[in-house]
Amino acid sequence: MVTIAFSSAKHFALRKAVAYFVREKRLLGKYCDYDQLGAPISKLMSGWRGQDDMKQVDHKMIVDAFAVQGGEKDYCVPFWQIVGGEESDTEFEGYSIHVTNGVRINVNKKKMRVYKIGCTKGDGDGVLPETIRDRENHPLKDGSRMREFTLSKDELWDGMKEELQEFLRGRNDDDKQNQKNKKAKLQKVAQAENAKRSRPGTAKSADTTKSGESGTSTSSKKKGKRRKRQQTELKEKIKEKKKELVELIEQLRKMKEDEAGDCPRVDATENRPQADEDAPQMAAKAQTLSYVLNGRAGKFTKDLRVVTLGDLEEGLLHLDEDKQNSRAEATRKKTNLKPVNYGATSCWVPAGAAVIGKKDLTKLNQKAEIVKKLDSFFSSNQSAFSPQALRILTMFGLSNMGGSDEGMEMLIAGVLKALCHDIGFKVDSTKLGKVVPSRRTIARQEKNLMVDCLLHAVQEMTKDQIKYLFLIVDHGKRNGIEHFVKLVRWGGLDEKGNRVIKQLCLDMDMSGHTAKSAADAIKHSLKKLEKAGLNLDLVTVIPSGVTGDAGGGAAVQHIFPLLIDCKVLGDAATIINCQMHGLNNCLSSALIAAFGDAGINHNNVVQFTSSL
């Protein structure tokens, strides 16, 4: 959906009336043809004072009202823009006007234009009104009958009645003035014809001459005589040119006969019957001519065998009011044009312009919008990352185990700098430093992410109506960092309703190396679920079982009885030693025995497969 600039400001009242009319409950979501709207809208004006002085709404008035600058024929515009409201007005929220103002289509190999308008409530361009092919099923099938419509006159004309009355009266006055001008022109032509037919010296001629001269000044008489003399001279010149043209054609015909040599020369009059027989085949055929004259576009349809300068001037298209001045005209005349091919069609465009398809232009506008957002992002005086973007950065940053927040800050700055370098977007260090989130923000986002994950997991558990939880624990040390991983698993349903196993990592907070300290750490971590809203008393979170390593101070067989004593596990809970290492060792022992130790600085078959 785009902003539309209408060609005529004086048609605002009519546009507003039509927009409110098609938004009526029975017409909402349906296309209405222009010729269906004139009678109902005029019917709703019945009873207005001075209605006889107003012109009735017709097809051409609606066409002129919805004509837009640039010649766009098919467009969608927000309802608030049509009626002169504000985008924030709740009354117009979600309403859109769809206009098809003269789009040419092919129907049964015949070209015709479509004029229709409709109103929808939804997502703008994504929702189109319904086109009802059978008019018998259309709400406006009865023309001006409005008894079934809930829209009252007060609702329709509120705020626009005086504007619409003034507009229609002005159109009526224009029609009357045009009729007077036409009548006066016909009277002048009739007087001129009568003056030509009357014989000089008669009483009628004298009276006519006298009556014509009574209101005419001496200067106007001289101009009239000069104009007649010029017309006579022009007619004489045309006759001479026609005569020369006929002689030239005759000479060409004789030269062609002489070159052929196989047909005798005959008099031109003998070919007249044949020419008369061929006359129907040479009948005039109307063609459409699109052209550019002094920087202005023109178009007309007629027999193009003879085209005059007057035809070209009359066919020039209408210009906007701000382009109708001497300065703009001088600019148009100085502008150089060049031929450009667009598909199978070629046209003239200004030398500094190019022709591009609508789809390609839409793609360019979308890409330009991305560049604008990128420029706006780096123009901010503080971190411009959205909450969703900060969450993504935090999730990936957690993989940097043991890394500092300061290091994370520099990593984000480095990625942005490298990205801007490769795409050719210039950004200085000052702007880069402002948009990168601070160490405090990074640390705060890690806590927020933890809380969001915990609340989401508890919501899933409540939705799944869990009865049992299963614990998985593992105590280890990597890169010099002690950690004690605690996972919980439960059975639930996925988005499609399938039964699945879900899991959540409570934390990796370290504990002591004794079984008692490990059991206390597990109990403390489970309290996070209670803080997030899960009632462990109602859930049989006897977490029903536990698994972990069999070695070390926090071996699973050592912490199992302690977990039962502190009521973390129920009396019926089970214990399972971690079998993952056992399964791996079966294959690992065999490979080491056959090929030797694997890993860095060990050259064998196993290491070779890892490098592929």
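Moving on: the overall build of the protein chain. Helices and strands together make up the secondary structure of the protein chain, namely 20 helices and 13 strands. Residues counted as buried form 28% of the 612 residues belonging to the protein chain. Long-range pairs, those at least 24 residues apart, make up 58% of the contacts in the protein chain with a sequence separation of at least 6. Split by element, the accessible area of the protein chain, about 42500 Å² in all, is 52% carbon and sulfur.

In this section: the pattern of salt bridges. In total, this model carries 14 salt bridges according to the counting rule given. Residues Arg439 and Glu409 are paired through a salt bridge, measuring 3.6 Å at the closest nitrogen-oxygen approach. Of the two residues, Arg439 is situated in helix α16 (residues 439-464) and Glu409 in helix α14 (residues 405-423); the sequence distance between them amounts to 30 residues. Taking relative accessible area as the criterion, Arg439 reaches 46% and is therefore assigned partly exposed.

The next point concerns the packing of aromatic side chains. Throughout the structure, instances matching the rule amount to ten aromatic pairs. Measuring from centroid to centroid gives 5.8 Å for Tyr291 and Phe300, while their planes differ by 65°, and the two rings are edge-to-face. The positively charged end of Lys116 is found above the aromatic ring belonging to Tyr31, 4.2 Å away from the centroid.

Examined against the element boundaries, Lys338 turns out to sit in strand β7 (residues 337-342). In this structure, the C-alpha to C-alpha distance between Lys338 and Val349, residues eleven residues apart in sequence, is 5.6 Å. Dropping the residues within four chain positions of it, Lys338 is found in contact with Cys347, Trp348, Val349, Pro350, Ala351 and Ala353. Among the polar contacts listed, one links the side chain of Lys338 to the backbone oxygen of Ala351, at a separation of 3.5 Å. In terms of polar contacts, Lys338 uses its side chain to reach the backbone carbonyl oxygen of Ala353, at 3.4 Å.

Here the focus is the side chain of Asn604. Within the fold, Asn604 resides in the loop between α19 (580-595) and α20 (605-610). Of the polar contacts made by the side chain of Asn604, one reaches the backbone oxygen of Asp597; its length is 2.7 Å. Leave out the neighbours within four places in its chain, and Asn604 touches Phe595, Gly596, Asp597 and Ala598.

A volume near 2300 Å³ is recorded for the largest pocket. Forming the boundary of the largest pocket are 48 residues, of which Gly70, Gly71, Ala297, Leu317 and His318 lie nearest the centre. Among the elements that make up the lining of the largest pocket, the one with the highest residue count is strand β8 (residues 345-350) (five residues). When the residues that make up the lining of the largest pocket are grouped by side-chain class, the tally is 21 nonpolar, 14 polar and 13 charged.

This part takes up the nonpolar core. Residues Leu37, Phe66, Phe79, Ile97 and Ile117 are the most contacted members of the largest nonpolar core, which totals 38 residues. Listing elements by their share of this core, those giving two or more residues are α1 (12-22), α2 (34-43), α3 (59-65), β2 (74-78), α4 (79-82), β3 (95-107), β4 (110-121) and α6 (161-197). Here the element with the most residues in this core is α1; it accounts for eight residues. Counting residues in hydrophobic clusters, the runner-up holds 30 residues, among them Met461, Leu471, Ala521 and Ile522.

A surface patch of positive charge is lined by Lys73, Arg104, Lys111, Arg113 and Lys299. Relative to the helices and strands, Lys299 resides in strand β6 (residues 296-303).

Moving on to the confidence of the model for the protein chain. For residues with low pLDDT, the predicted coordinates do not support detailed interpretation. Counting all residues, the mean pLDDT for the protein chain is 78, and 77% of those residues have values of 70 or more. Segment residues 201-216 is flagged for pLDDT under 50; beyond a separation of four residues in sequence, or across chains, it makes five contacts in the model. This model gives residues 262-282 a pLDDT under 50, and the stretch forms nine contacts once residues within four places in sequence are excluded.

Turning to the sheet that holds β4, a few remarks are in order. The four strands lie next to each other as β1-β4-β3-β2, forming an open sheet whose pairing is antiparallel. This sheet does not close on itself; its edge strands, each paired only once, are β1 (32-33) and β2. As paired strands, β1 and β4 are joined by two bridges and run antiparallel to one another. If you follow Cys32 over to β4, its bridge partner there is Ile117.

What follows concerns the packing of α1 against α2. Put simply, α1 and α2 touch, their axes get as near as 11 Å, and they point 95° apart. Here α2 runs roughly perpendicular to α1, going by the angle between their axes. Contacts between α1 and α2 involve Val18, Phe21 and Val22 from the former and Leu37, Pro40 and Ile41 from the latter.

The rules we used
Residues numbered from 1 in each chain as written. Predicted model: local features only at pLDDT ≥ 70, side-chain atom pairs only at ≥ 80, totals over all residues. Heavy atoms only, no water. Helix = DSSP H or I, 4+ residues; strand = E, 2+ residues; numbered from the N terminus. Buried < 20%, exposed > 50% of the residue type's maximum accessible area, 1.4 Å probe, protein only. Contact = heavy atoms within 4.5 Å. Areas by Shrake-Rupley, 256 points an atom, 1.4 Å probe, with all protein chains shown as cover. Salt bridge = Lys/Arg side-chain N within 4 Å of Asp/Glu carboxyl O. Phe/Tyr/Trp six-rings, centres within 6.5 Å; stacked < 30°, edge-to-face > 60°. Lys NZ or Arg CZ within 6 Å of the ring centre and 35° of its normal. Polar contact = N/O pair within 3.5 Å; in protein donor to acceptor, adjacent residues only side chain to side chain. 1 Å grid on protein atoms, 1.4 Å probe; cavity = no way out; pocket = protein on both sides within 12 Å on 5 of 7 lines; lining within 4 Å. Points joined across faces, edges and corners; volume = space filled by probe spheres on them. Nonpolar A, V, L, I, M, F, W, Y, C, P; charged D, E, K, R; others polar. Core = buried A, V, L, I, M, F, W, Y, C linked by side-chain atoms within 4.5 Å. Patch = residues over 30% accessible without salt bridge, like charges linked within 9 Å, V, L, I, M, F, W, Y side chains within 5 Å. Lys, Arg positive; Asp, Glu negative; His and termini not counted. Charge placed at Lys NZ, Arg CZ, Asp CG, Glu CD. pLDDT = per-residue confidence, 0-100. Pairing = 2+ DSSP bridges. Axes fitted to C-alpha atoms, helices over the stretch in contact; angles between N-to-C directions. Parallel < 35°, antiparallel > 145°, perpendicular 65-115°, else oblique.

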